[in-house]
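# Chains, contacts and geometry: an overview
Read off the chains here:
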Amino acid sequence: MMPLASPATSLDGDLYTWITGVAQHTPAVLDSAVQVWSDFGLGLFALLMLAAWWRSRAGDPVRIATALCAPPAVVAAYAVNDLLKTAVHEQRPCQTLHTVTVEACPPLGDWSFPSNHAAIAAAAAVAILLTDRRLAALAVPAALLMAASRVWIGVHYPHDVLIGLAVGAAVSWPLTVGARRCAPVVVRLRDSRLRPLVAAR
C-alpha cells in the first residue's frame, strides 16, 4: 500500500508544524518534561487500573467485573489500533515534513496513524471512568495530555492522536460495559481460592 504522506500533510501539516515550532521556542526543561511524560506516562494508566481494581474489591460485583476487564480492554484497543496502523502506512510527520522535533524521529516504516499511545491512554481512561469516577478525574485529563504530548515532541500529526483517542475509547467502552455481565462469576469467585482477587479482606 502506498504511504499516505501527502494527504496527511495537507490535512493538518500546518498545525503540526506550528506546534513543533512552538516547542522549539519553549524552555528546555518543559520540553524534557513533556518528552518524559510522552515516553513513560503510560505507566501511570497501569497504576490507575491497579488502583481501580484494588478500590473496587470493597464494592459490588459489577464494579469489580469492570475493573478486572480494564487491562484486557486496553490490550484489545491496542490490537485494533495497531491493525489500522499497519493497514494505512502513514509516514511519521517528522519524516515527511523534515521539521526539527523535540524527540528523534522514528525510522521509516514505523507508521504514524493512528497513535498507539493515544489509543492505549484513551482505552484505559474509559475503563477507569466506568469503574471509578474519582480516579477518572486523573485518568481522563492524563489521556488527553498523552495525546497532546505525542504531537508536541513531533512524532504524530494531530489527526493521528485524535483518531487514536477515538479508537481506544470505541473499543474499550463496549468491552468494559459488557464485562458487567460477568458479575455472577465474581460472586462465585468469592467462595473460591481466588477470593482475594474479587473481595477485600
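Here goes a summary of the coordinates provided. (Residues numbered from 1 in each chain as written. Predicted model: local features only at pLDDT ≥ 70, side-chain atom pairs only at ≥ 80, totals over all residues. Heavy atoms only, no water.)

### Some thoughts on the packing of aromatic side chains
Under the criterion given, the structure shown has three aromatic pairs. With centroids separated by 6.4 Å and ring planes inclined at 45°, the aromatic side chains of Trp37 and Phe45 adopt a geometry described as tilted. For Phe45, a relative accessible area of 2% corresponds to the buried category. With a centroid separation of 5.7 Å and 70° between ring planes, the pair formed by Trp53 and Trp54 is classed as edge-to-face. The exposure class assigned to Trp54 is exposed, which follows from its relative accessible area of 53%. Lying across the ring of Trp53, Arg57 places its NZ or CZ 5.4 Å from the centre. Lying across the ring of Trp54, Arg57 places its NZ or CZ 4.2 Å from the centre. (Phe/Tyr/Trp six-rings, centres within 6.5 Å; stacked < 30°, edge-to-face > 60°. Buried < 20%, exposed > 50% of the residue type's maximum accessible area, 1.4 Å probe, protein only. Lys NZ or Arg CZ within 6 Å of the ring centre and 35° of its normal.)

### What to know about the packing of helix α4 (residues 61–88) against helix α6 (residues 116–129)
Closest axis-to-axis distance for the α4/α6 pair is 9 Å, and the angle between their directions is 150°. Judged on the interaxial angle alone, α6 and α4 are roughly antiparallel. The way α4 lies across α6 gives a crossing that is right-handed. On the side of α4, the interface is formed by Ala70, Ala73, Val74, Ala77, Tyr78, Asn81, Asp82 and Lys85, while α6 contributes Asn116, Ala119, Ile120, Ala123, Ala124 and Ala127. A breakdown of the residues in the contact of α4 with α6 according to their chemical character gives 10 nonpolar, two polar and two charged. (Axes fitted to C-alpha atoms, helices over the stretch in contact; angles between N-to-C directions. Helix = DSSP H or I, 4+ residues; strand = E, 2+ residues; numbered from the N terminus. Parallel < 35°, antiparallel > 145°, perpendicular 65-115°, else oblique. Left-handed = near helix turned anticlockwise from the far one by under 90°. Contact = heavy atoms within 4.5 Å. Nonpolar A, V, L, I, M, F, W, Y, C, P; charged D, E, K, R; others polar.)

### A short note on the state of the cysteines
Considering all chains together, one arrives at one disulfide under this definition. Between Cys94 and Cys105 runs a disulfide, and the two sulfur atoms are separated by 2.1 Å. One disulfide, between Cys94 and Cys105, carries an S-S torsion of 75° and so falls in the right-handed class. Taken together, the positions of Cys94 in helix α5 (residues 93–96) and Cys105 in the loop between α5 and α6 put the pair 11 residues apart, joining distant regions of the chain. By relative accessible area, Cys105 is classed as partly exposed at 28%. Not engaged in a disulfide, the cysteine Cys69 finds its nearest cysteine sulfur in Cys182; these two sulfurs lie 7.6 Å apart. Overall, Cys69 belongs to the buried group, its relative accessible area being 14%. (Disulfide = S-S within 2.5 Å.)

### Some words on helix α8 (residues 158–178)
Turn by turn, an α-helix covers 3.6 residues, leaving residues three or four places apart pointing in a common direction. An ideal rise of 1.5 Å per residue puts 30 Å on 21 residues; α8 measures up with 31 Å between its terminal C-alpha atoms. Within the sequence span of α8, burial applies to Pro158, His159, Asp160, Val161, Gly164, Leu165, Val167, Gly168, Val171, Ser172 and Thr176. (Expected span 1.5 Å × (residues − 1).)

### A closer look at the nonpolar core
Core analysis: the largest hydrophobic core is formed by 22 residues, its most contacted members being Phe45, Met49, Val74 and Ile128. For this core, the secondary structure elements donating two or more residues are α3 (42–56), α4, α6, α7 (133–152) and α8. At seven residues, the largest contribution of residues to this core is made by α6. Apart from residues no more than four positions distant in its own chain, Ile128 is found in contact with Phe45, Leu48, Met49, Arg133, Leu135, Ala136 and Ala139. Counting 15 residues, the second-largest nonpolar core is a separate cluster that includes Ile19, Ala23, Val151 and Ile153. (Core = buried A, V, L, I, M, F, W, Y, C linked by side-chain atoms within 4.5 Å.)

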